[in-house]
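Listed below, chain by chain, are the residues.
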Amino acid sequence: MKHEWPLWEIFIRGQHGMSHRHVGSLHAPDAEMAVKNARDVYTRRNEGVSIWVVEARHITATVPGEKGPMFEPSESKVYRHPTFFDIPDEVGHM
Amino acid sequence: MAEVDKTQLAQFLLRMGDNTLILGHRVSEWCGHSPVLEEDIALANTALDLLGQTSLWLGYAAEVRGTGETADDVAFLRDAWDFRNLLLVELPNGDFGRTMMRQFLFDAFHSVLLGRLLQSSDQTVREIAEKASKEVAYHVERSADTVVGLGDGTEESHARMQAALDYLWPYVGEMFASDETDRALAAAGVAPDPANLRDDFDALIGKVLAEATLHIPDSDFAHKGGRTGAMHTEHLGHILCQMQWLQRVYPNANW
């Protein structure tokens, strides 16, 4: 019998209009309790207005060993950065 | 509306503040000892909420008493016979299951009571209730979930939760045992008569305990003496000993 609760990844949105950000993980028996635990562990200092929880096993991640082929090819492609355009002042922060 | 007597209003405020003070202290005893980290933090949050409510209730009690005391004086310089908390909240924590069952029974009562206090004729009572009721709405949601999870859990967790309910049930009746003070406050519109909260309480716990597959004991025997101060359990003195020790040994110490 498995005694350990599953692991959940916690995402908090700090304020309206911003996106949810990963803040950490915790254990909980089910999704509802994961939300409650996230509220108690990660929002006690008024950090958020919304919480997402995802059971960690549902996250598919890149393999650290494949970092080379995965990410290095983009290192040398400076022309992909939109730094050659003049942004009009009216646009504001992008 | 009848004018409310200051002594009776103070008595009511002590009942509110002593409940949250003593339960807050009890729950804080789990800090660093809970079964899992997440519960540890959740219980500490609950204890802190209760302590925050205590400072509001006892601060107002001190003001109404008009003796120049502060909330701290009221909390730390009274002895057991002056406390007006329910016996339920001073009972030892027992195992985690019993702590959560006690929490749920109190939260259920507390949420029903605070809901009524939102309509209090006393503005300060209303304001405290507004702040506290949001915190307590979460407390009861969380403790109810835990009671259901453990009650309708494994054979062992179910047995422990049933034992907890059986042990605590005789302390439930006191929450609704009203007296002249309660009737005077009800007449003045300051607070409801606790006797009138029983139906809402029964409906709330009935639903949750049924979902938790737990059986409500078939008895209405009730230990009493906490909210009147007539006779506390032997446990209260031990709590105060630990809680008040510093103020007693080093009067007026602060940091």
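What comes next concerns the included structure. This one's a predicted model, so the numbers in the text were calculated from it and none came from an experiment.

All right, on to the packing of helix H2 (residues 37–65) of chain B against helix H5 (residues 96–117) of chain B then. Residue and element names in this part refer to chain B. Packing of H2 against H5 leaves a shortest axis separation of 13 Å and a crossing angle of 40°. Taken together, the axis directions place H2 and H5 in an arrangement best described as oblique. In this structure, the crossing between H2 and H5 has a hand that is left-handed. Between H2 and H5, the residues in contact are Glu 39, Leu 43, Thr 46, Leu 50, Gln 53 and Trp 57 and Phe 96, Met 100, Gln 103, His 110, Leu 114 and Leu 117, respectively. Of the residues belonging to the contact of H2 with H5, the class tally is seven nonpolar, four polar and one charged.

Turning our attention to the interface of chain A and chain B. Taken together, the eleven residues of chain A in the interface contact 13 residues of chain B. Carbon and sulfur atoms make up 54% of the area that chain A and chain B hide from each other, which totals about 1100 Å². On the surface where chain A and chain B come into contact, there are three salt bridges. Across the pair Arg142(B) and Asp40(A) runs a salt bridge whose closest N-O atoms are separated by 2.9 Å. On inspection of chain A and its partner chain B, the count reaches nine residue pairs in polar contact (both at pLDDT 80 or more). No other element matches helix H1 (residues 31–42) of chain A, which puts six residues into the side of chain A that touches chain B.

Turning our attention to the sheet that holds strand E2 (residues 21–27) of chain A. As a general point, the strands of a sheet are linked pairwise by backbone hydrogen bonds and lie either parallel or antiparallel. All names here are of chain A. One open sheet holds the three strands; their spatial order is E2-E1-E3, and the pairing between them is antiparallel. Two strands in the sheet have a free side with no partner beyond their single neighbour: E2 and strand E3 (50–55). Neighbour to neighbour, the strand axes of the sheet diverge by 30° on average, direction disregarded. In this sheet, E3 lies alongside strand E1 (residues 7–13) in antiparallel orientation, the contact comprising six bridges. For Ile 10, the partnering residue across the bridge sits in E3 and is Val 53. With respect to the sheet, H1 is in contact with E1, E2 and E3, its orientation differing from that of E2 by roughly 115°.

Residues and elements named next belong to chain B. Enumeration according to the criterion identifies seven aromatic pairs over all chains in this entry. With a centroid separation of 5.8 Å and 90° between ring planes, the pair formed by Trp 30 and Phe 96 is classed as edge-to-face. A residue pair is termed long-range when its members are at least 10 positions apart, and Trp 30 in the loop between helix H1 (6–28) and H2 and Phe 96 in helix H5 qualify at 66 residues. The pair Trp 30 / Phe 96 is uniform in exposure class, with both members buried. Judged by centre distance (6.3 Å) and plane angle (80°), the ring pair of Trp 245 and Tyr 250 falls under edge-to-face. Taking NZ or CZ as reference, Arg 78 lies 4.2 Å from the ring centre of Phe 83, over its face.

The next subject is the nonpolar core. Core analysis: the biggest nonpolar cluster contains 75 residues, and Phe12(B), Met101(B) and Leu117(B) have the highest contact counts within it. Ile10(A), Leu26(A), Ala28(A) and Ala34(A) belong to the second-largest nonpolar core, a separate cluster that totals ten residues.

Here the focus is helix H9 (residues 198–211) of chain B. Residues and elements named next belong to chain B. Spanning 14 residues, H9 covers 20 Å between terminal C-alpha atoms, matching the ideal 20 Å at 1.5 Å per step. Of the positions making up H9, those classed as buried are Phe 201, Ile 205, Val 208 and Leu 209. Taken end-on, H9 shows its buried residues confined to a sector of 95°, consistent with a single buried face. Within H9, the exposed residues directed more than 90 degrees away from the buried face are Asp 199, Ala 203, Lys 207, Ala 210 and Glu 211. Of the surrounding secondary structure, the elements contacted by the buried residues of H9 are H5, helix H6 (123–151) and helix H7 (155–168). Of the residues one or two after H9, Thr 213 is the one with positive phi, at around 55°.

Quick notes on the rules
Residues numbered from 1 in each chain as written. Chains lettered and ligands numbered in written order. Predicted model: local features only at pLDDT ≥ 70, side-chain atom pairs only at ≥ 80, totals over all residues. Heavy atoms only, no water. Axes fitted to C-alpha atoms, helices over the stretch in contact; angles between N-to-C directions. Helix = DSSP H or I, 4+ residues; strand = E, 2+ residues; numbered from the N terminus. Parallel < 35°, antiparallel > 145°, perpendicular 65-115°, else oblique. Left-handed = near helix turned anticlockwise from the far one by under 90°. Contact = heavy atoms within 4.5 Å. Nonpolar A, V, L, I, M, F, W, Y, C, P; charged D, E, K, R; others polar. Buried area = accessible area lost by both parts, 1.4 Å probe. Salt bridge = Lys/Arg side-chain N within 4 Å of Asp/Glu carboxyl O. Polar contact = N/O pair within 3.5 Å; in protein donor to acceptor, adjacent residues only side chain to side chain. Pairing = 2+ DSSP bridges. Phe/Tyr/Trp six-rings, centres within 6.5 Å; stacked < 30°, edge-to-face > 60°. Buried < 20%, exposed > 50% of the residue type's maximum accessible area, 1.4 Å probe, protein only. Lys NZ or Arg CZ within 6 Å of the ring centre and 35° of its normal. Core = buried A, V, L, I, M, F, W, Y, C linked by side-chain atoms within 4.5 Å. Expected span 1.5 Å × (residues − 1). Arc of directions from axis to C-beta.

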